Amino acid sequence: MKNLIEANVMDVFKQRSSTYHYDSDCAVSKADLRAIFEAGRWAMSAYNDQPWRYILGIRDEDDGAWDKVLNCLVEPNQQWAQNAPVLMIGLYKTHYEFNGEPNGTAIHDLGAASAFMTLEATNRGLSVHQMGGILPDKVLELFEVEDGLVPLTALAIGYEVETMEQPERVRKPLQDIVSGSVF
Ligand SMILES: Cc1cc2nc3c(=O)[nH]c(=O)nc-3n(C[C@H](O)[C@H](O)[C@H](O)COP(=O)(O)O)c2cc1C
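Just so it is clear, the structure is predicted and the values come from calculations on it, not from any experiment. (Residues numbered from 1 in each chain as written. Predicted model: local features only at pLDDT ≥ 70, side-chain atom pairs only at ≥ 80, totals over all residues. Heavy atoms only, no water.)

Looking now at the overall build of the protein chain. Each helix and strand in the protein chain was counted, giving 7 helices and 4 strands. The N-to-C order of helical and strand elements in the protein chain reads α-α-β-α-α-β-α-β-α-β-α. The C-alpha atoms of the protein chain give a radius of gyration of 17 Å, which matches the 16 Å a tight globule of 183 residues would have. Summarising its shape, the C-alpha atoms of the protein chain cover approximately 50 × 45 × 30 Å along the three principal directions. The proportion of buried residues among the 183 residues of the protein chain is 37%. Residue pairs in contact within the protein chain that sit at least 24 positions apart in sequence constitute 78% of those at least 6 positions apart. With the model as given, the accessible surface of the protein chain reaches about 10900 Å², and the carbon-plus-sulfur share is 51%. Placing the 15 positive and 27 negative side-chain charges of the protein chain at their respective mean positions leaves the two points 5 Å apart. (Helix = DSSP H or I, 4+ residues; strand = E, 2+ residues; numbered from the N terminus. Rg over C-alpha atoms; globule rule 2.2 N^0.38 Å. Buried < 20%, exposed > 50% of the residue type's maximum accessible area, 1.4 Å probe, protein only. Contact = heavy atoms within 4.5 Å. Areas by Shrake-Rupley, 256 points an atom, 1.4 Å probe, with all protein chains shown as cover. Lys, Arg positive; Asp, Glu negative; His and termini not counted. Charge placed at Lys NZ, Arg CZ, Asp CG, Glu CD.)

Given below as structure tokens:
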């Protein structure tokens, strides 16, 4: 593991991190949310099937969705995510729309859309923390989920509060993840 920057990349990659410290007083604007979903909408996907779906919970709305999404997180995630003004569940479609065949890369495509959304949010000064620690059965119990959709992840979105805490961010060196002679 190492921490060195191995090449220059866009600032947004360096700015992004998964915070545990959300400012619970600071809401996310609808314009920002719309732009975040728009960024995800333009992600690439196998056969352009766009198999990602999101259940959106906004704390300040009175539809109860935010509370329900919070309840769909494993307890350790609830501890910090309860300060995030926006919580959502990421789901994927198990089968292609165009031919009804199983979509073996739907999970990959959901991740790609969430990554695009995360970078758009980062560019707008927001912080996204993705989670695999969710309770999929709870999602199915609390929300009306269409057949063929599987809850996989959650995303917390909001503004990060400044803390003294500076967690060390480690990454595998490039030669561990890329085969070939370039590096
Ligand atoms: C698919 C996925 C699932 C994750 N699940 C959790 C989780 O359940 N709880 C949590 O605290 N962090 C979770 N994370 C955040 C990772 O721990 C974090 O991205 C990683 O440690 C790297 O840190 P960074 O995002 O700040 O660079 C998840 C991230 C991803 C992409």
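Moving on to the site of the ligand. The immediate surroundings of the ligand are formed by 13 residues, with Ser18, Tyr20, Gly132, Arg169 and Arg171 found nearest. Within the side chain of Tyr20, a nitrogen or oxygen atom sits 2.8 Å from an oxygen atom of the ligand. Gly132 is positioned such that a nitrogen or oxygen atom in its backbone is 2.7 Å from a nitrogen atom of the ligand. Calculation on the ligand without its partners gives an accessible area of 610 Å², and the protein chains cover 59% of this total. Mapped onto the shell around the ligand, the elements with two or more residues apiece are helix H4 (75–81) and strand S3 (127–131). With 3 residues, S3 is the single largest residue contributor to the shell around the ligand. (Near = heavy atom within 4 Å. Polar contact = N/O pair within 3.5 Å; in protein donor to acceptor, adjacent residues only side chain to side chain.)

The subject of this paragraph is a nonpolar patch on the surface. Together, Val9, Met10 and Phe13 make up a nonpolar patch on the protein surface, roughly 290 Å² of accessible area in all. With respect to the element layout, Met10 can be found in the segment before helix H1 (11–15). (Patch = residues over 30% accessible without salt bridge, like charges linked within 9 Å, V, L, I, M, F, W, Y side chains within 5 Å. Salt bridge = Lys/Arg side-chain N within 4 Å of Asp/Glu carboxyl O.)

All right, on to the packing of aromatic side chains then. Going through the model one piece at a time under the given rule, you end up with 5 aromatic pairs. Their ring planes at 40° and their centres at 4.9 Å tell us that Tyr47 and Phe98 sit as a pair that is tilted. Residue Tyr47 is found in the loop between helix H2 (30–41) and strand S1 (52–58), and its partner Phe98 is found in the loop between strand S2 (86–93) and helix H5 (106–123); the two are separated by 51 residues along the sequence. On the accessibility criterion, Tyr47 (62% relative accessible area) is exposed. (Phe/Tyr/Trp six-rings, centres within 6.5 Å; stacked < 30°, edge-to-face > 60°.)

Once that is clear, we can look at the confidence of the model for the protein chain. Looking at the protein chain as a whole, the pLDDT averages 95, with 97% of positions reaching at least 70. Per-element confidence in the protein chain ranges from a low mean pLDDT of 90 for helix H7 (residues 174–177) to a high of 99 for strand S4 (residues 149–158). (pLDDT = per-residue confidence, 0-100.)

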